[in-house]
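Given next are the chains, with one letter for each unit.
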Amino acid sequence: MRYSGFRVIKEALLGQKGWRPLWRDPEPQPRYDYVIVGGGGHGLATAYYLAKTFQKSRIAVLEKGWLGSGNIGRNTTIIRSNYLLPGNEPFYEFSMKLWENLEQETNFNSMVSQRGIINLIHTDAQRDAYRRRGNAMLFAGADAQLLSPNELREMVPFLNYDNARFPIKGGLFQRRAGTARHDGVAWGYARGADMRGVDIIQNCEVTGMRIEGGKVLGVETSRGYIAAGKVGVAVAGSSSRVMSMAGMRLPVESHVLQAFVSEGLKPVIPGVITFGAGHFYVSQSDKGGLVFGGDIDGYNSYAQRGNLPVVEDVLEGGMALMPMIGRARLLRSWGGIMDMSMDGSPIIDRTSVDGLYFNGGWCYGGFKATPASGFAFAHLLATDRPHETATAYRLDRFARGYLIDEKGVGAQPNLH
Amino acid sequence: MLIPHPLLGLRDAQEFTYLGDASLLNRPDASSPDAAVAFFDYVYLRDNPAGVHRELWFHEQGDRSWLIVTRNTLTHEILNAELACESAVKSEVLA
Ligand SMILES: Cc1cc2nc3c(=O)[nH]c(=O)nc-3n(C[C@H](O)[C@H](O)[C@H](O)COP(=O)(O)OP(=O)(O)OC[C@H]3O[C@@H](n4cnc5c(N)ncnc54)[C@H](O)[C@@H]3O)c2cc1C
C-alpha cells in the first residue's frame, strides 16, 4: 500500500476502511541468514537497508518489547551534523543527507523538519572553537554559519542575552538541522523492511547466544532458538547485557537521560537552541509542546527514569536562558537508558566472534545517526567491510589509542 | 537518592560526585609485563551490570570521603554504603 494525497482523499470517501496494519506479525522461523537484535531505530534501519540496498533476504529483527519502546520513542528528536572530528563529521553529514530524502525513500511521513539548530556562544574562546567547528563542517560538505549577536537577537529575541554569568555573544547555526517525528522514523523503516520480506518479531527477547568454535550459530530467545548466519546487535542501552551473552565486556556504561515536554503552546521557538554552558536545550514540537532536556543523571542506571536533582538542574538552565519558560506548565518527563561509550563516540564493528557484529555506544546522540547507522551496519553485515564514513568506529580503538574524543565526554560524569 | 553515609547518616546523593564501578580501586601494577593489557581493561572495560552494582561515590560537598555504595541499577535502591578506605584495608588483609 502506497501513501499519497490521493490515497487520503480516496479513503476519506470510502469511510477509511482501506487502511491496513503497517507490518505483519509473523511467527519466528527456525533459521535466518541475518538476525538483527533490537527493534529500535538502528535495528530497523539496518534491516531496511540490508533488504533494500544490499538485496539480502531471510532477515529477522528480534525486539524484546514493542517497536519504539526503547530510545527511539524517548528521544528529543534532534537531527544535525555539526560535529568536529574527521572520524565523525562525514558520517553525520551522510546521515543528514539520508534524512533529507527519508520520506521519499520510505514513503512515510517522518515529519523531517529542517528548522535549524543554534549552539549559543558566551565567550571569545567558545566563538573560536565554534568557528573551527563550523569550518570542519563546511569541509565535510555540511552547512554552517556563525551568527552575530544582532542576527541572533532577530531570530530568537526572547533569550536572556545579558545573563551575568553566561552573556550570549552569538551562535553557531546549522540551517539544515532540525527535528523529525521519532516514532514515525521507526514505523517508516519497519514498514519498509516488512514490505521487503523482513520478519519483525516483537515480544521476542534474546536471552543467550549459541557460539561454537569461535563462530555464532544462533540466538536463544523467549520464543525459542533461532539459528542465524550472521547476528547484528543494536540494542542501545542494553548493549553490555546482550554482548555479555557472548562473553564480552564493552567500553560502555549505561546511564539514564531525562527529557521533558510542556503543555502545547502557540509557535514561539523557531528551531533548536542549545545552551551547553547551562546544560539545557529546547525545541518546539509540531503539537506545540516545548521539548527540552539537559545532562545525564550521572550514575549507572537501567531504570528508565531519573531523579529530581537533574529535573531541577534542567529547569534552572531553562529559566536562565529564557525566563518566559517559567510561564509554561510541565506536562511530562521521562527517561531512557544511554549506552555511554568511554569516548562519547559510537561503535559499528565486527567482534572477536565470527558472524557476530556490534552497533552501539551511541550515548545521547544516536537518533540523528539512525539512517547512517542502519546503512553502515547493513554495509558491514552484507560486505564484511566498514562503510566509508564509519571506518573510525572500531571496537578496538580504545586498546589501540585511536579514541574519537569529540568533546571530552563519554560515561565519566566528572568530565562533563 | 539518599546515601546512608556510615559516619554522617542519610545524605542526599547530590552532595556526592560519582566515579563508577568500585573495581576502579584495584589499579593494575604498572611494572608487570602485561600492564598495557591490564590498564586497557582497567580504564575502558566495564561489567555494567543490570542489578546490584558496587560503585564509588565521593562526598565532595560533605566530609570528602570516598564511599563504596552498593546499589541496584534497575531500581536505584541503595543496599549498603561503606567507607572505601576501610573496604580497601579489609581486602588488603584478606589478600
Ligand atoms: C531522553 C532522550 C533524549 C535523546 N535526545 C536525542 C536527540 O535529540 N538527538 C539524538 O540524536 N539522539 C537523542 N537521544 C539518543 C537516541 O535516542 C539513541 O541514541 C538511539 O535511539 C539509540 O538507538 P535505537 O533507536 O536503536 O535504540 P532503542 O530504540 O533503545 O532500540 C534498542 C532496542 O533493543 C531492544 N532490546 C534490548 N535488549 C534486547 C534483547 N535482549 N533482545 C531483543 N531486543 C532487545 C530494546 O527493547 C529496544 O527496543 C536521546 C535519548 C534519550 C533517552
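Residues numbered from 1 in each chain as written. Chains lettered and ligands numbered in written order. Predicted model: local features only at pLDDT ≥ 70, side-chain atom pairs only at ≥ 80, totals over all residues. Heavy atoms only, no water.

On to the interface of chain A and chain B. Put simply, an interface is often sized by how much accessible area is lost when its parts join up. Facing the 26 residues of chain A at the interface are 21 residues of chain B. Summed over both sides, the interface between chain A and chain B buries roughly 2200 Å², with carbon and sulfur atoms accounting for 50% of that surface. Counting the surface chain A buries against chain B, the share from its top three residues, Arg249, Asn300 and Tyr302 of chain A, is 31%. Applying the counting criterion to the chain A and chain B interface returns 3 salt bridges. (Contact = heavy atoms within 4.5 Å. Buried area = accessible area lost by both parts, 1.4 Å probe. Salt bridge = Lys/Arg side-chain N within 4 Å of Asp/Glu carboxyl O.)

A surface patch of negative charge is lined by Glu312, Asp313 and Glu316 of chain A together with Asp12 of chain B. By the element assignment, Asp313 of chain A lies in helix α9 (residues 308–321). Look at Asp313 of chain A and you get partly exposed, because its relative accessible area is 31%. (Patch = residues over 30% accessible without salt bridge, like charges linked within 9 Å, V, L, I, M, F, W, Y side chains within 5 Å. Areas by Shrake-Rupley, 256 points an atom, 1.4 Å probe, with all protein chains shown as cover. Lys, Arg positive; Asp, Glu negative; His and termini not counted. Charge placed at Lys NZ, Arg CZ, Asp CG, Glu CD. Helix = DSSP H or I, 4+ residues; strand = E, 2+ residues; numbered from the N terminus. Buried < 20%, exposed > 50% of the residue type's maximum accessible area, 1.4 Å probe, protein only.)

Take the site of the ligand next. All names here are of chain A. Close contacts around the ligand come from 39 residues, with Glu63, Asn71, Ile72, Thr76 and Lys368 the closest. Take Thr76: an N or O atom from its side chain is 2.8 Å from an oxygen atom of the ligand. Within the backbone of Ile78, one N or O atom sits 3.0 Å away from a nitrogen atom of the ligand. Surface burial for the ligand is 96%, taken as the share of its 1000 Å² of free accessible area covered by protein chains. Counting only elements with at least two residues in the shell around the ligand, the list comes to α2 (41–52), β12 (252–264) and β16 (330–341). (Near = heavy atom within 4 Å. Polar contact = N/O pair within 3.5 Å; in protein donor to acceptor, adjacent residues only side chain to side chain.)

Before going further, it helps to examine the nonpolar core. Residues and elements named next belong to chain A. Phe91 and Ile348 are the most contacted members of the largest nonpolar core, which totals 51 residues. Of all the elements in the fold, those that place two or more residues in this core are β1 (31–37), α2, β2 (59–62), α3 (89–100), α7 (182–195) and α10 (370–383). Counting residues per element, this core draws most heavily on α10, at 8 residues. The residues contacting Ile348, other than those within four sequence positions of it, are Phe91, Phe358, Asn359, Trp362, Ser373, Ala376, Phe377, Leu380, Ala390 and Tyr393. (Core = buried A, V, L, I, M, F, W, Y, C linked by side-chain atoms within 4.5 Å.)

Now for the side chain of His122 of chain A. Residue and element names in this part refer to chain A. Topologically, His122 is positioned in the loop between β4 (117–121) and α5 (124–139). The buried category is assigned to His122, whose relative accessible area is 4%. Only 3.3 Å separates the side chain of His122 from the backbone oxygen of Pro167, close enough to count as a polar contact. The contact partners of His122, leaving out residues within four places of it in the chain, are Phe166, Pro167, Ile168, Lys169, Phe275 and Ala277.

This part covers a nonpolar patch on the surface. All names here are of chain A. A cluster of nonpolar side chains, namely Met1, Val8 and Trp19, defines an oily patch on the protein surface of about 250 Å² accessible area. Relative to the elements of secondary structure, Trp19 occurs in the loop between α1 (5–13) and β1. For Trp19, a relative accessible area of 30% puts it in the partly exposed group.

Attention now moves to the environment of Asp41 of chain B. Topologically, Asp41 of chain B is positioned in helix α1 (residues 35–44). Along the primary structure Asp41 of chain B and Glu77 of chain B are separated by 36 residues, whereas in three dimensions their C-alpha atoms are 28 Å apart. Excluding its chain neighbours within four sequence positions, the residues that come into contact with Asp41 of chain B are Arg249 of chain A together with Arg46 of chain B.

Here we come to the packing of aromatic side chains. All names here are of chain A. Overall, the coordinates contain 23 aromatic pairs over all chains when judged by the stated rule. By the ring-pair criterion, three or more aromatic residues cluster together here, those being Tyr48, Tyr49, Phe54, Phe94, Tyr189 and Phe375. Over the face of the ring belonging to Tyr161 we find Arg153, whose NZ or CZ atom lies 4.3 Å from the ring centre. Of note, Arg210 hangs over the ring of Tyr225, and the distance from its end group to the ring centre comes to 3.6 Å. (Phe/Tyr/Trp six-rings, centres within 6.5 Å; stacked < 30°, edge-to-face > 60°. Lys NZ or Arg CZ within 6 Å of the ring centre and 35° of its normal.)

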